[in-house]
Amino acid sequence: MAHGRWHMARLGLLASFVFPAWADAAKQPEQIHIGIGQLAGEMTVHWSTIQESQSASPGDSVVMYGLSADELTRNSTGISFLFQDYGIELRSFRMHVATMTGLLPNRVYYYIVGGNRTGWSQPLSFKSHPISAGDVQSRLPMSYAVYGDLGDYNGQTLPSLLAEARKGELDMVLHVGDMAYDLDSDNGRNGDAWMQDIQPLAASVPYMVSHGNHEANRHFNHYTQRFRNMPSNSGTITFPEYGNVPNNWWYSWDSGLVHFVTISTEVYFASPLAQMVAEQHEWLEADLGAVDRTKTPWVIVLGHRPLYCSCDADCDSFATVNRMGLKQPDGTFKYGLEELFYKYGVDVFIAGHEHNYERMFDVSPMWDPITPWLSGITTGSTVDPPATTHIITGSAGSVEDHEPFTRPAPKRTAKRLNTYGWSKLTVYNASHIYWQQFQTDSAQPPSTWGQVMDASWLVQHHHGPFALHPRRDQVDNSEGKGLHPLDTSSVDMSFFKTGRRLQMQCKHAGHDQELACSDPSLAKQLVSKGRWQYTKLVDAAKPADFV
Ligand SMILES: [Fe+2]
């Protein structure tokens, strides 16, 4: 919708309209952040006007934009809604979402948001995304900042991210959950403060998000409403307060040579959400199955909790649930994420949640019932890996500090770090990605700030289902097939102690089942007291000896 005199306004002239004498400057838009739109040539923008409540005017939801900072020749009107915090103060304020359309590819656009009645933001800018294959080729390489678990207090990576964005080195930010610790804390003011703090980054680079356990309060209310501008392509979620709102718990979009998918690992951990596990799984399978790998050869999935990790008990329990799915009454498992990743050839799965950094190699599915955290088979490859590569980058900051590695690194692990930092994924072409981890830890020597602590090429010439990968045989013929969870297989356990060997026959029926051994009390004692070292699991002549 055109807006009369605003249509050809120049910022210099605009200033007199932006801040009329009667306007309350405190009502100006804040917490501005942008996101990739659903359609090519679109960018969405989301902002808040805190002072407006249900009894006040809804404010304005206009974005003006153009290719010059002083010629904002285009505008569009979005929508606003009353956000409700439901903390003890029952705070409510107005949120706005608008979409810029018809953007030319690979151009710097300038924009302001707000309106005549409630004031305008300062001018902001972003670089539009490529549209055609030719646009992509001329834009490459494209870089993506990736991290989880940032927080407002102790958000140690933010200065480094801002510096990188100002240099024009970032095409997108991917925040894989656990944002402000928490968005709803202090009746939502902590969320307001965090979103204000990230605005210099999030208003200039598309800030794409997944939700984590720290967003879970009140049915992920703050996450869902604060990021309504994500390019939802998965239907709606119903809230009693708002009705149907876009589903930003799981959705996907294309960027350059990558098909990105955000998933919710959190729906697996609350029984009222069990139905959503099935809904997400069905949507995810359809989405992954429809990817055109000639257009977007890389498929990268983003979620909060990892499927594999090696630091603590999460790796035995939560990671296993996301990896294998929910146990059914008949003892089988359903809705596991790993099976889909393998079936449709997801190149990389990136998570946070563990407050550390762990880059892994490829991991082919194989369930180890005795030591779940050591499950999986790896070829240790970064060149044409025959399975999904897993990476945890959850060390962006957060009030909860680091999460130390308490166990030896499995074979699948390429690098583990416990300093604060963020990751940068740079797509060079259809076969080469470069991955880096930057150190931003203020407790480390100042000279090391910004250092690259880990870097690796990831090369893949054979995108697509891993069952068809030319290196599949190397996995099948090496340490065992194990491409599906071994839910009901019999296993032999061997315990060793210097100079003596004890063997027992044990059966295992799944990851949350007790091990049934010929001498259960002795087996339990041996394992729990650590007096005997478990060394080997043999399943139908497919040993999985990872340590
Ligand atoms: Fe978390």
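Because the structure is a prediction, the values reported are computed rather than measured.

Undergrad: What is the right way to look at the overall build of the protein in this model?
TA: A tally of helices and strands in the protein yields 10 helices and 30 strands. With 547 residues in all, the protein has 59% of them scored as buried. A total of about 21,100 Å² of accessible surface is found on the protein, and carbon and sulfur atoms cover 53% of it.

Undergrad: Explain the nonpolar core to me, please; I cannot follow it from the model alone.
TA: Across soluble globular proteins, nonpolar side chains have a tendency to be buried as a group. Counting 115 residues, the largest nonpolar core has Val45, Tyr111, Tyr147, Trp194, Leu201 and Tyr207 as its most contacted members. Residue-level mapping places this core at the junction of two domains, with at least three residues from each of domain 1 (4-126) and domain 2 (140-476). With sequence-adjacent residues up to four places away left out, tyrosine 147 is seen in contact with Leu161, Val173, Leu174, His175, Val176, Leu201, Tyr207, Thr393, Ala396 and Trp422. Core analysis: the second largest hydrophobic core is formed by five residues, Val62, Met64, Leu72 and Ile112 among them.

Undergrad: Teacher, can you tell me more about the coordination of the iron ion here?
TA: Around a metal, the ideal angle is 109.5 degrees if four donors adopt a tetrahedral arrangement and 90 or 180 degrees if six donors adopt an octahedral arrangement. Only Asp178 (OD), Asn213 (OD1), His304 (NE2) and His353 (ND1) from the protein reach the iron ion as donors, at distances of 2.0 to 2.3 Å. Coordination at the iron ion is irregular, judged from the four donor atoms that bind it and the angles of 88 to 164° they form at the metal. As a motif over one chain, the donors of the iron ion read D-x34-N-x90-H-x48-H. With asparagine 213 in the loop between β12 (207-210) and α5 (217-226) and histidine 353 in the loop between β20 (348-351) and β21 (357-362), this pair connects stretches of sequence that are 140 residues apart.

Undergrad: Please clarify how the packing of helix α3 (residues 158-166) against helix α4 (residues 189-202) should be interpreted in this entry.
TA: Packed helices, taken two at a time, are described by the angle between their axes plus the distance between the axes. Following both chains from N to C, one finds α3 and α4 inclined at 25°, their axes separated by 9 Å at the closest point. By the criterion of interaxial angle, the relationship of α3 to α4 is roughly parallel. For the pair α3 and α4, contact is made by Leu158, Leu161, Leu162, Ala165 and Arg166 and by Asp197, Ile198, Pro200 and Leu201, respectively. Residue composition of the contact of α3 with α4, by class: seven nonpolar, no polar and two charged.

Undergrad: Could you clarify how one ought to interpret the pattern of salt bridges in this entry?
TA: Opposite charge on two side chains permits them to pair, given that their charged atoms come into close proximity. For the structure on display, the rule yields 14 salt bridges. Across the pair glutamate 164 and lysine 424 runs a salt bridge, and its minimum N-O distance is 2.9 Å. On the criterion of sequence distance, the pair formed by glutamate 164 in helix α3 and lysine 424 in strand β24 (residues 421-427) is long-range, its members being 260 residues apart. For glutamate 164, a relative accessible area of 9% gives the class buried. Shared partners join several salt bridges into a network, and the residues in it are Glu164, Lys167, Glu169 and Lys424.

Undergrad: Which parts of the structure should I look at to understand the packing of aromatic side chains?
TA: The description of an aromatic ring pair rests on the distance of the ring centres and on the angle between the ring planes. Under the counting rule described, the total for this entry stands at 17 aromatic pairs. Look at phenylalanine 341 and phenylalanine 349: their rings are 5.2 Å apart centre to centre, the planes differ by 45°, and that puts the pair in the tilted class. Overall, the relative accessible area of 1% leaves phenylalanine 341 in the buried class. The buried category is assigned to phenylalanine 349, whose relative accessible area is 1%. Note on tyrosine 434 and tryptophan 457: the rings are 4.8 Å apart at their centroids and 45° apart in plane angle, and the pair reads as tilted. Of this pair, tyrosine 434 sits in strand β25 (residues 432-439) while tryptophan 457 sits in strand β26 (residues 452-459), placing them 23 residues apart in sequence. Assessed through its relative accessible area of 39%, tryptophan 457 is described here as partly exposed. Pairwise contacts between aromatic rings join Tyr144, Tyr251, Trp253 and Phe260 into one cluster. Positioned above the aromatic ring of phenylalanine 81, the side-chain terminus of arginine 228 is 3.5 Å from the ring centre.

Undergrad: Explain the sheet that holds strand β10 (residues 142-147) to me, please; I cannot follow it from the model alone.
TA: Hydrogen bonding along the main chain pairs the strands of a sheet, whether they run parallel or antiparallel. The sheet built from six strands is open, its strands ordered β12-β11-β10-β24-β25-β26 with mixed pairing. Only two strands of the sheet have a single partner each, and these edge strands are β12 and β26. Averaged over all neighbouring strand pairs, the angle between strand axes comes to 20°, with direction disregarded. In this structure, β10 lies alongside β24, joined through five bridges in antiparallel fashion. Paired with methionine 142 across the strands is valine 427, a residue of β24.

Undergrad: I would appreciate a short explanation of the environment of alanine 443 in the present structure.
TA: Examined against the element boundaries, alanine 443 turns out to sit in the loop between β25 and β26. Owing to a relative accessible area of 66%, alanine 443 belongs among the exposed residues under this scheme. C-alpha of alanine 443 to C-alpha of threonine 419: the two residues are 24 residues apart in sequence and 8.5 Å apart in space.

Undergrad: Can you help me understand the sheet that holds strand β17 (residues 298-302) in this one?
TA: With respect to topology, seven strands assemble into an open sheet ordered β15-β16-β17-β20-β22-β21-β23, the strand pairing being mixed. Both edges of this open sheet fall to β15 (251-255) and β23 (413-417), since each of them pairs with a single strand only. On average, each strand axis in the sheet is inclined to that of its neighbour by 15°, with strand direction left out of account. Bridge analysis of β15 against strand β16 (residues 258-262) gives five bridges, and the strand direction is antiparallel. Note on β16: the bridge partner recorded for serine 255 is valine 258. On the sheet, helix α6 (residues 274-289) packs against β15, β16 and β17 and is oriented at approximately 180° with respect to β16.

Undergrad: I tried to follow the side chain of serine 310 on my own but got confused; where do I start?
TA: Turning to its location among the elements, serine 310 is positioned in the loop between β17 and α7 (318-324). Judged by its relative accessible area of 0%, serine 310 is buried. A polar contact of 2.7 Å, which involves the side chain of serine 310, links it to the side chain of glutamate 358. Of note is the side chain of serine 310, whose polar atom sits 2.7 Å from the side chain of arginine 416. Residues contacting serine 310, with those up to four places away along its chain left out, are Cys315, Glu358, Trp373, Phe405, Arg407, Pro410, Arg412, Thr413 and Arg416.

Undergrad: When you look at the side chain of histidine 214 in this model, what are you seeing that I'm missing?
TA: Assignment of secondary structure puts histidine 214 in the loop between β12 and α5. The buried category is assigned to histidine 214, whose relative accessible area is 15%. Within the local environment of histidine 214, its side chain forms a polar contact with the side chain of aspartate 182, the two groups lying 2.6 Å apart. Contact partners of histidine 214, with chain neighbours within four places excluded, come to Asp178, Tyr181, Asp182 and Glu400.

Undergrad: Can you help me understand unusual backbone geometry in this one?
TA: Backbone phi values are negative for most residues with the exception of glycine, while trans is the configuration of most peptide bonds. Note that the residue after leucine 140, namely proline 141, is joined by a cis bond; omega there is 0°. Tracing the backbone shows proline 141 in the loop between α2 (133-139) and β10. With an omega of -10°, the peptide bond running from tyrosine 181 to aspartate 182 counts as cis. Of note, aspartate 182 is situated in the loop between β11 (172-176) and α4.

How each quantity is defined
Residues numbered from 1 in each chain as written. Predicted model: local features only at pLDDT ≥ 70, side-chain atom pairs only at ≥ 80, totals over all residues. Heavy atoms only, no water. Helix = DSSP H or I, 4+ residues; strand = E, 2+ residues; numbered from the N terminus. Buried < 20%, exposed > 50% of the residue type's maximum accessible area, 1.4 Å probe, protein only. Areas by Shrake-Rupley, 256 points an atom, 1.4 Å probe, with all protein chains shown as cover. Core = buried A, V, L, I, M, F, W, Y, C linked by side-chain atoms within 4.5 Å. Domains from an automatic or database assignment. Contact = heavy atoms within 4.5 Å. Donors = N, O, S within 2.8 Å, 3.2 Å for Na, K, Ca; no water. Tetrahedral: all angles 85-135°; square planar, octahedral: opposite > 155°, others 65-115°. Axes fitted to C-alpha atoms, helices over the stretch in contact; angles between N-to-C directions. Parallel < 35°, antiparallel > 145°, perpendicular 65-115°, else oblique. Nonpolar A, V, L, I, M, F, W, Y, C, P; charged D, E, K, R; others polar. Salt bridge = Lys/Arg side-chain N within 4 Å of Asp/Glu carboxyl O. Phe/Tyr/Trp six-rings, centres within 6.5 Å; stacked < 30°, edge-to-face > 60°. Lys NZ or Arg CZ within 6 Å of the ring centre and 35° of its normal. Pairing = 2+ DSSP bridges. Polar contact = N/O pair within 3.5 Å; in protein donor to acceptor, adjacent residues only side chain to side chain.

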